[in-house]
Amino acid sequence: MIPFEDMINNPALKFTAEKLRVLQVNIGSLCNLSCTHCHINAGPGRKEIMTRETMTHILRILPNFETLDITGGAPEMNPDFRFLVDEAAKLAHVIVRSNLVIMTQKGYEDIPAFLADRNIEIAASLPCYTEENCDSMRGKGTFNAAISVLKTLNALGYGHDEKHILDLVYNPNGDFLPPNQSELEAEYKSRLMSEHGITFTRLFTITNNPIGRFGDSLRKSGSYDSYMTLLIDSFNPSAVENMMCRFQLSVAWDGRLYDCDFNQPLGLTIDGPQNIADLHEIQKRRIRFGNHCYACTAGSGSSCGGTTV
Ligand code: SF4
Ligand code: SF4
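Residues numbered from 1 in each chain as written. Chains lettered and ligands numbered in written order. Predicted model: local features only at pLDDT ≥ 70, side-chain atom pairs only at ≥ 80, totals over all residues. Heavy atoms only, no water.

1. A closer look at the overall build of the chain
- When its secondary structure is counted, the chain shows nine helices and eight strands.
- Taking 309 residues into account, the globule formula puts the C-alpha radius of gyration at 19 Å, and the chain, at 18 Å, falls close to it.
- Overall, the C-alpha framework of the chain stretches about 50 × 45 × 35 Å when taken along its three principal axes.
- The buried share of the chain, taken over its 309 residues, is 57%.
- Sequence separation of 24 or more characterises 72% of the internal contacts of the chain that already satisfy a separation of 6 or more. (Helix = DSSP H or I, 4+ residues; strand = E, 2+ residues; numbered from the N terminus. Rg over C-alpha atoms; globule rule 2.2 N^0.38 Å. Buried < 20%, exposed > 50% of the residue type's maximum accessible area, 1.4 Å probe, protein only. Contact = heavy atoms within 4.5 Å.)

Here's what the structure looks like:
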């Protein structure tokens, strides 16, 4: 296998851009679900949770960025989730990545209104518009729970007005690349409207990264090598320039710094200060790549904001 880094012909693209746009923070691996495609092995048994002290460092550094992108686990399950969202919304555009299902559980039912009041963008995972596929990836009952939350969000203005952006996130249910994003978006829009009366802003398709729980399942089924071959054979040089790591910094639950959320479970910390507590200036840095990076450059490219080409 050709090491991923050797596929990048332009040496400048091995570094971040001069100006970073997004600070992405993973505020814990605790999750109410245990999805098959999860790249961080999140689940109900995980104990890693970001402290408020680490969050105060995030708020200190946030004015250097346009956007705070909050992810998990289920970020809502961090006891200081509301504190972080409240304070961050005063400093930057805020995105919350949610599995939606959590918002049907006791103690979390107020979150849709809380986010709507602060004009927080929601990027909600909904790996399929059919109950059968969705439940097979995320557990029985998850599709109907997500649908009920989407209806609540629509009633609050999400998906309808430009202050309430509601993105849906698709992941393939297996070892294949996502279909064309705009065609799938049209299909999602048509099916969710006709069957449930639901509307949303955009669909992001994300390629499954061969790490974490998804990587383990590939190994167990004996399809790890063929999936890697698919990613490598689908390498698209035009996807290199817009790899999300070139425009962001990623913070783990314990404050450690990474180029992206995929590098976190691999322990690939950045070439620079190791913890946000020690970060005082945002500098251009060399990105730490691995062969899992082929997932970001396959086909139309993939990032937390969908395709990149
Ligand atoms: S993919 Fe998201 S919702 Fe599913 S287990 Fe992982 S963090 Fe939780
Ligand atoms: S996995 Fe991370 S470091 Fe690798 S290309 Fe994707 S965003 Fe960049």
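2. Thoughts on the packing of aromatic side chains
- Enumeration over the complete set of coordinates arrives at eight aromatic pairs.
- Between Phe-4 and Phe-235 the ring centres are 6.3 Å apart and the planes differ by 80°, which places this aromatic pair in the edge-to-face class. Of this pair, Phe-4 sits in the segment before strand S1 (22-26) while Phe-235 sits in the loop between helix H8 (224-233) and strand S7 (248-251), and the two are 231 residues apart along the sequence.
- A relative accessible area of 15% places Phe-235 in the buried class.
- Taking the centre distance of 5.2 Å and the plane angle of 85° together, the rings of Phe-4 and Tyr-294 count as edge-to-face. With Phe-4 in the segment before S1 and Tyr-294 in helix H9 (residues 294-297), this pair connects stretches of sequence that are 290 residues apart.
- The exposure class assigned to Phe-4 is buried, which follows from its relative accessible area of 1%.
- Among the residues examined, Tyr-294 registers a relative accessible area of 0% and is labelled buried.
- By way of ring pairs, the aromatic residues Phe-4, Phe-235, Phe-289 and Tyr-294 are connected into one cluster.
- The ring of Phe-83 carries Arg-52 above its face, with NZ or CZ at 4.0 Å from the centroid. (Phe/Tyr/Trp six-rings, centres within 6.5 Å; stacked < 30°, edge-to-face > 60°. Lys NZ or Arg CZ within 6 Å of the ring centre and 35° of its normal.)

3. Focus: the pattern of salt bridges
- All chains considered together, the criterion is met by 15 salt bridges.
- In this structure, the salt-bridge partner of Arg-82 is Asp-110, at a minimum N-O distance of 2.7 Å. Placement of the pair is Arg-82 in helix H2 (residues 81-88) and Asp-110 in the loop between strand S3 (93-98) and helix H3 (111-117), with a sequence separation of 28 residues.
- When its relative accessible area of 27% is taken as the criterion, Arg-82 is described as partly exposed. (Salt bridge = Lys/Arg side-chain N within 4 Å of Asp/Glu carboxyl O.)

4. Let's talk about the site of ligand 2
- Within the structure, ligand 2 sits among Met-243, Met-244, Cys-245, Cys-260, Phe-262, Asn-263, Ile-287, Arg-288, His-292, Cys-293 and Cys-296.
- Among the cavities detected, the one that contains ligand 2 is the second largest cavity.
- When the residues that make up the shell around ligand 2 are grouped by side-chain class, the tally is eight nonpolar, two polar and one charged. (Near = heavy atom within 4 Å. 1 Å grid on protein atoms, 1.4 Å probe; cavity = no way out; pocket = protein on both sides within 12 Å on 5 of 7 lines; lining within 4 Å. Sits in = over half its atoms within 2 Å of the grid points. Nonpolar A, V, L, I, M, F, W, Y, C, P; charged D, E, K, R; others polar.)

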